[in-house]
Amino acid sequence: MQITLDKAKEIIPADEDYRIVSGVIAMLTEDYRDQPSLESIAGRMKRDPIELQKTFTRWAGLSPKAFLQAVTLDHAKRLLRDENLPLLETTLELGLSSPGRLHDLFVTHEAMSPGEWKANGRGLDIRYGFVASPFGKALLMVTDRGLCGLAFADPGEEEEALRDMTGRWPEAIFHADEAAVAPYAGRIFDEARWRAEEPLRVVLIGTDFQIRVWEQLLEIPLGRLCTYSDIATNIGMPKASRAVGAAVGRNPVSFVVPCHRAIGKSGALTGYHWGLTRKRAMLGWEAAKG
DNA sequence: ATGGGACTCTCGA
DNA sequence: TCGAGAGTCCCAT
């Protein structure tokens, strides 16, 4: 009966769907020794198993089982080992605005000058709004130069996410403004609308070191992974993997700057600022597209 | 100065 | 295999 509604849902699942999906991912992976069956998960989530399976597959393009495989150690290790990472293909100009191709989303980015960074965002006018995304509720922040922030929040944690983000540029002026954010919201998570002719403008606000790290992240194509130490090597500081980890963790533009594609050398996912389950969700979702 | 990681290695069990 | 502990480096305050 509501075929059109269902179809719309395929493109961007509602928050409710992500809640279900993330619940499944969490249960599937929390104790991988005895991976709970679909039936038992469905039982715990009080859903019909068939329906659950369908929702999940529609969302990720992968069955729960295939999804889990895509996020395991072995898979990650294979991706790391295979083909030399193309990360070295471009030498990045340090410092200010370097536009470029980059990333399947076709991002053009510019970096804030050190002066602007030191001002803690003073003089910056930032508009923000929450939107539904395939990975739960997303908080978008934009300046007139482009997208500067993208965060995620579980239900009830919107305030916390907002504090987290506004705290990064304490001197900036923030306005709630759904309309300003709307043009970005739709196409970020919809790969059908990723096109080179219409690149997504991103502005990176951070220290020089952080910007170098984030630019490296932008070089990781969809479906590929990269280790923290690879990034350290690529920016010419091979021993700074730990500092790289810290910088990756401070990435203000989650997902668009694909910090979820950075993992430990062992193939373990290590951490994610917005929750490991969300990192798994992104990697599994991308595994189906890559 | 100092503290503290979204790291990595090395061992022991 | 797995996990704890220590080493290390560089950012942030």
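The structure under discussion appears in the preceding block.
All figures in this text were calculated on a predicted structure; none of them were measured in a lab.

Criteria and cut-off values
- Residues numbered from 1 in each chain as written.
- Chains lettered and ligands numbered in written order.
- Predicted model: local features only at pLDDT ≥ 70, side-chain atom pairs only at ≥ 80, totals over all residues.
- Heavy atoms only, no water.
- Helix = DSSP H or I, 4+ residues; strand = E, 2+ residues; numbered from the N terminus.
- Buried < 20%, exposed > 50% of the residue type's maximum accessible area, 1.4 Å probe, protein only.
- Contact = heavy atoms within 4.5 Å.
- Near = heavy atom within 4 Å.
- Polar contact = N/O pair within 3.5 Å; in protein donor to acceptor, adjacent residues only side chain to side chain.
- Axes fitted to C-alpha atoms, helices over the stretch in contact; angles between N-to-C directions.
- Parallel < 35°, antiparallel > 145°, perpendicular 65-115°, else oblique.
- Left-handed = near helix turned anticlockwise from the far one by under 90°.
- Nonpolar A, V, L, I, M, F, W, Y, C, P; charged D, E, K, R; others polar.

Draft legend 1. Local environment of the environment of Val 203. The residue Val 203 is located in strand β6 (residues 200–204) in this model. Owing to a relative accessible area of 0%, Val 203 belongs among the buried residues under this scheme. In this structure the C-alpha to C-alpha distance between Val 203 and Ala 111, which are 92 residues apart in sequence, comes to 5.7 Å. With near-sequence residues (within four places) excluded, Val 203 lies in contact with Glu 110, Met 112, Thr 143, Arg 145, Gly 146, Leu 147 and Cys 148.

Draft legend 2. Region of the structure containing the protein's contact with DNA strand C. If you check the shell around DNA strand C, you find eight residues, and the closest are Thr 207, Phe 209, Gln 210, Ala 240 and Arg 242. Taken together, the sugar and phosphate atoms account for 81% of what DNA strand C places within 4 Å of the protein. The contact in question runs from a phosphate oxygen of DNA strand C to an N or O atom on the side chain of Gln 210, over 2.7 Å. Residue Arg 242 places a side-chain N or O atom 2.6 Å away from a base oxygen belonging to DNA strand C. Of all elements in the fold, only α10 (208–218) and α12 (241–249) reach the threshold of two or more residues within the surface near DNA strand C.

Draft legend 3. Seen up close, unusual backbone geometry. Residue Asn 120 is not a glycine yet carries a positive backbone phi of 60 degrees. With respect to the element layout, Asn 120 can be found in the loop between α7 (114–118) and β2 (125–133). The class of Asn 120 is partly exposed, set by a relative accessible area of 31%. The backbone of Thr 270 sits at a positive phi, close to 50 degrees, despite the residue not being glycine. Mapped onto the secondary structure, Thr 270 falls in the loop between β8 (262–263) and α13 (276–289).

Draft legend 4. Expanded view of the packing of helix α2 (residues 15–30) against helix α3 (residues 38–45). Remark: α2 packs on α3, axes separated minimally by 11 Å, with the N-to-C direction vectors making an angle of 130 degrees. In this view, α2 runs oblique relative to α3, as classed from their interaxial angle. Regarding α2 and α3, the two cross each other, and that crossing is right-handed. Across from Arg 19, Ile 20, Gly 23, Val 24, Met 27, Leu 28 and Glu 30 in α2, the residues of α3 making contact are Ile 41, Arg 44 and Met 45. For the contact of α2 with α3, a count of residues per class yields six nonpolar, one polar and three charged.

By themselves these figures say nothing about function.
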